[in-house]
Every structure is written in C-alpha cells, then in structure tokens.
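A structural walkthrough
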Amino acid sequence: RVLYEKYLLIAGVKSGTLYKKGKERGCWLPRHFMLDRLNNSITYYDKATTAGQKLLGQIDLTKCYVLITDDKVVEKPNCLHILYSRGKQMRSVYIYANSVKEIVEWYYAIRSFQTQLGYSRNCVNTVYESYLEKTPAEGKGAWRKRWCILVADKIFYYKNIMDPFPKGQVSIS
C-alpha cells in the first residue's frame, strides 16, 4: 500500500475532498478535487459522487503557482494557496485539508505533475507572501497596508489576505 501511494504521488494522480474558500461569501465549503491528466489541470466539483456531480472550476497547472501557507497568516491550518492566471487576471484560491499529511500529499502531487509537464519553474522558491505598505499610483495619499505576493517578476497586491483577486500588480523586471 505504501509503495502504491508513493507511485500515485510520483505519477501526479490524486483526488479527494478538500475545503475551498468561497469567492463571494467567503465560506469554507467541501469540494471534490481531482488532478486531471487529460487537461493538465486541477478540477473541482460540488460532490464526490458522479451522479449529479457539477464541475465548479478548473485550474490550469501550466499557469499556476502553489505553496503551503502559514497557519499564522491564514485562518485555517493545513492550507494551500494556488495562484493562477485566468486570462489577463490572476486568481487566488485557498484550499485546506483536515490533516498536515493530506495537504502535503496534495502539494507534492501537484508539483510532481507540473514537473512531468515540464513546468518545474513553478517552484515554491519563486513565490513569497508578506504584508507591505503602498501608496496610490499618483504618489499622493496615505500609505496602506497590502498583502503582497512576489511571483517571478511581478508583485501582486491585495487589500486583504484572502481576497480572490488582486487589486493590482507591479512589474519588477
């Protein structure tokens, strides 16, 4: 059984129920997540059973960054932050599991899958998160505390940590 589980993690095969923070109301809802090898993505559904199952979202693994978040920063322990490109806009998704083991398995399954696809550049070393202070673009106005995420050559800034979309971005290249 242990060898089989290691094979699944190496192969990037994983599915299970995790809790996703809702975009609109901000509630944590159970969702059935699957690594979808055909579409190089993570898909998530409203329930685990196939009868009446509704596809709620799909995250392209070739355009995403994933990191395990600090439970002192986010309101839930065992949480992953997935930052991905959706058209011209970046989107943040937070998911958590009931155990550290489970969220670490998800992290390594996603990273393994990305490496197999040749997208090993999406590594945790290229993503940093922290609070910074920022002034308005015009240079006038009060400094405001913003949650910032550094990804490769861009800083995305959010009004609040758990916001699904950034307020803006700054290129640093």
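Now for a look at the structure at hand.

Some points on the overall build of the protein chain
A tally of regular secondary structure across the protein chain gives two helices and eleven strands. For the protein chain, the proportion of its 173 residues judged to be buried stands at 41%. Looking at the protein chain alone, contacts between residues at least 24 apart form 38% of all its contacts between residues at least 6 apart. A total accessible area of about 10000 Å² is found for the protein chain, and carbon and sulfur atoms account for 53% of it.

A look at the layout of surface pockets
Taken as a whole, the largest pocket holds about 290 Å³ of empty space. Surrounding the largest pocket, 16 residues form its lining, Lys20, Gly22, Lys23, Tyr44 and Arg91 being those nearest its centre. Taken together, the elements giving at least two residues each to the lining of the largest pocket come down to strand 2 (28–36), strand 4 (55–60) and strand 6 (79–86). Counted by class, the lining of the largest pocket contains five nonpolar, four polar and seven charged residues.

Things to note about the environment of methionine 34
With respect to the helices, strands and loops of the structure, methionine 34 is situated in strand 2. A relative accessible area of 30% places methionine 34 in the partly exposed class. For the pair methionine 34 and tyrosine 44, spaced ten residues apart in sequence, the C-alpha separation works out to 6.3 Å. Among residues more than four places away in sequence, those in contact with methionine 34 are Lys14, Ser15, Ser41, Ile42, Thr43, Tyr45 and Trp106.

Reading guide: rules and limits
- Residues numbered from 1 in each chain as written.
- Predicted model: local features only at pLDDT ≥ 70, side-chain atom pairs only at ≥ 80, totals over all residues.
- Heavy atoms only, no water.
- Helix = DSSP H or I, 4+ residues; strand = E, 2+ residues; numbered from the N terminus.
- Buried < 20%, exposed > 50% of the residue type's maximum accessible area, 1.4 Å probe, protein only.
- Contact = heavy atoms within 4.5 Å.
- Areas by Shrake-Rupley, 256 points an atom, 1.4 Å probe, with all protein chains shown as cover.
- 1 Å grid on protein atoms, 1.4 Å probe; cavity = no way out; pocket = protein on both sides within 12 Å on 5 of 7 lines; lining within 4 Å.
- Points joined across faces, edges and corners; volume = space filled by probe spheres on them.
- Nonpolar A, V, L, I, M, F, W, Y, C, P; charged D, E, K, R; others polar.

Don't take any of this as a statement about function, it's just geometry.
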